[in-house]
Amino acid sequence: MWLLLAFCSAFLLGCYDVNKKVSLTGNAVIPVLFLNTLISSLILLPFILLSYFTPVLDGTMFEVPRVSFEVHAAVFLKAVIVLSSWLFGYFGIKHLPLTITGPIKATQPILTLVGAMLIFGERLNLYQWIGVLLALLSFFLLSNAGKKEGLHFAHNKWIFFTIMSVITGSLSGLYDKHLMKSLDVMTVQVWFNVYQCLMMTVILLFLWYPRRKKSTPFVWHWNIIFISVFLLAADWIYFYALSFPESMISIVSMIRRSNVIVTFTAGALFFHEKNLKRKAFDLFLVFLGMLFIYWGTR
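Conventions we followed
- Residues numbered from 1 in each chain as written.
- Predicted model: local features only at pLDDT ≥ 70, side-chain atom pairs only at ≥ 80, totals over all residues.
- Heavy atoms only, no water.
- pLDDT = per-residue confidence, 0-100.
- Helix = DSSP H or I, 4+ residues; strand = E, 2+ residues; numbered from the N terminus.
- 1 Å grid on protein atoms, 1.4 Å probe; cavity = no way out; pocket = protein on both sides within 12 Å on 5 of 7 lines; lining within 4 Å.
- Points joined across faces, edges and corners; volume = space filled by probe spheres on them.
- Nonpolar A, V, L, I, M, F, W, Y, C, P; charged D, E, K, R; others polar.
- Axes fitted to C-alpha atoms, helices over the stretch in contact; angles between N-to-C directions.
- Parallel < 35°, antiparallel > 145°, perpendicular 65-115°, else oblique.
- Left-handed = near helix turned anticlockwise from the far one by under 90°.
- Contact = heavy atoms within 4.5 Å.
- Buried < 20%, exposed > 50% of the residue type's maximum accessible area, 1.4 Å probe, protein only.
- Phe/Tyr/Trp six-rings, centres within 6.5 Å; stacked < 30°, edge-to-face > 60°.
- Lys NZ or Arg CZ within 6 Å of the ring centre and 35° of its normal.
- Polar contact = N/O pair within 3.5 Å; in protein donor to acceptor, adjacent residues only side chain to side chain.

### Section: the confidence of the model for the chain
Now for step 1: Confidence in the prediction of the chain, expressed as mean pLDDT, is 83, and 87% of residues score 70 or more.
Now for step 2: By mean pLDDT, helix α4 (residues 98–105) is the weakest element of the chain at 67, and helix α2 (residues 29–53) is the strongest at 95.

### Observations regarding the layout of surface pockets
Now for step 1: What the largest pocket holds in volume is close to 230 Å³.
Now for step 2: What lines the largest pocket is a set of 13 residues, and nearest its centre among them are Phe91, Lys94, Trp208, Ser215 and Thr216.
Now for step 3: Contributions of two or more residues to the lining of the largest pocket are made by α2, α3 (69–95) and α8 (185–208).
Now for step 4: Taken together, the residues of the lining of the largest pocket sort by class into eight nonpolar, three polar and two charged.

### So, the packing of helix α1 (residues 2–24) against helix α9 (residues 223–242)
Now for step 1: Two numbers describe how α1 lies on α9: the axes approach to 8 Å, and their chain directions differ by 160°. Judged on the interaxial angle alone, α9 and α1 are roughly antiparallel. For the pair α1 and α9, the crossing hand works out as left-handed. Seen from α1, the contacting residues are Trp2, Leu5, Cys8, Ser9, Leu12, Leu13, Cys15, Tyr16, Asn19, Lys20, Val22 and Ser23; seen from α9, they are Asn223, Ile224, Phe226, Ile227, Phe230, Leu231, Ala233, Ala234, Ile237, Tyr238, Tyr240 and Ala241.

### Some words on the environment of Ile255
Now for step 1: If you trace the backbone, Ile255 turns up in helix α10 (residues 249–256).
Now for step 2: Among the residues examined, Ile255 registers a relative accessible area of 0% and is labelled buried.
Now for step 3: For the pair Ile255 and Leu4, spaced 251 residues apart in sequence, the C-alpha to C-alpha distance is 9.7 Å.

### Looking at the packing of aromatic side chains
Now for step 1: Enumeration according to the criterion identifies 17 aromatic pairs in this entry.
Now for step 2: Measuring from ring centre to ring centre gives 6.0 Å for Phe91 and Phe161, while their planes differ by 80°; the resulting arrangement is edge-to-face. On the criterion of sequence distance, the pair formed by Phe91 in helix α3 and Phe161 in helix α7 (residues 157–179) is long-range, its members being 70 residues apart.
Now for step 3: Assessed through its relative accessible area of 24%, Phe91 is described here as partly exposed.
Now for step 4: Plain terms: the ring middles of Tyr240 and Phe244 are 5.4 Å apart, the flat faces sit at 65° to each other, and that makes the pair edge-to-face.
Now for step 5: Members of the aromatic cluster, joined through ring pairs, are Phe47, Phe62, Trp236, Tyr240 and Phe244.
Now for step 6: We note Arg66 situated over the ring of Tyr52; from NZ or CZ to the ring centre the distance is 4.2 Å.

### Side note on the environment of Glu122
Now for step 1: Relative to the elements of secondary structure, Glu122 occurs in the loop between α5 (108–120) and α6 (126–147).
Now for step 2: For the pair Glu122 and Ser250, spaced 128 residues apart in sequence, the C-alpha separation works out to 7.7 Å.

### Side note on the side chain of Ser172
Now for step 1: Within the element layout of this structure, Ser172 appears in helix α7.
Now for step 2: Residue classification places Ser172 among the buried residues on the basis of a relative accessible area of 7%.
Now for step 3: Within polar-contact distance, the side chain of Ser172 engages the side chain of Lys78 at 3.2 Å.
Now for step 4: Excluding its chain neighbours within four sequence positions, the residues that come into contact with Ser172 are Lys78, Ile81 and Val82.

So this is what it looks like as structure tokens:
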């Protein structure tokens, strides 16, 4: 069950990335990210109100229980890690082709795998190892494809931003597994979105707004709403998958990055990105890696 949920989350995450690319193209990053967190928080607000002031959601999977200060502190730390990953990732996806950022993000589970083995004692079988190695190989091949578009991985700051997004995203995944051992899905999803919104409000008002005339202007896109909708759905299913005792964060994280299939297809069809034949082979390695992981996990 948790494996199927992970694949469903991956598809929704791909739709989230595509809408994020549309919203960020030629647009200011900070306001888009702020609106993303604001809309997500507004969508989740009724669940808080219904849980705290009415019995409507009592006993359901959508109830937001009252929790201690220590729990709020733990979720706040997650919000800090995720927001760091998003800030790096949003700037990267704004300035780089989807057919580059997608496969780079697809390597995030490699770091998660190492952490899962060291921290949670997870172990992979032969098929799963083959899948991981194929995904890792795709990253190195992708770096060569990027050079043909003038993107030298070692000297491009947006590549660096994307890699930092991968590192912080991997930390978030490991922390998620830790949180989901003792917390419910709604507690984590609701409050980390609310805390992100509060932090982005400060960043918007004190860092972006005073300098807004010197940077890229903000333009409203309806896709900004879809960013929040697809992300909330993807994250809820992801947290639910991790709540299964037998779930493995190393496998769930790897499957989630198969969202590159969605982003690559969108990059080819809607953004007319370059060097697709070479990148398609890299994508094929990612897809083949997912198959080996699936076979090894069944």
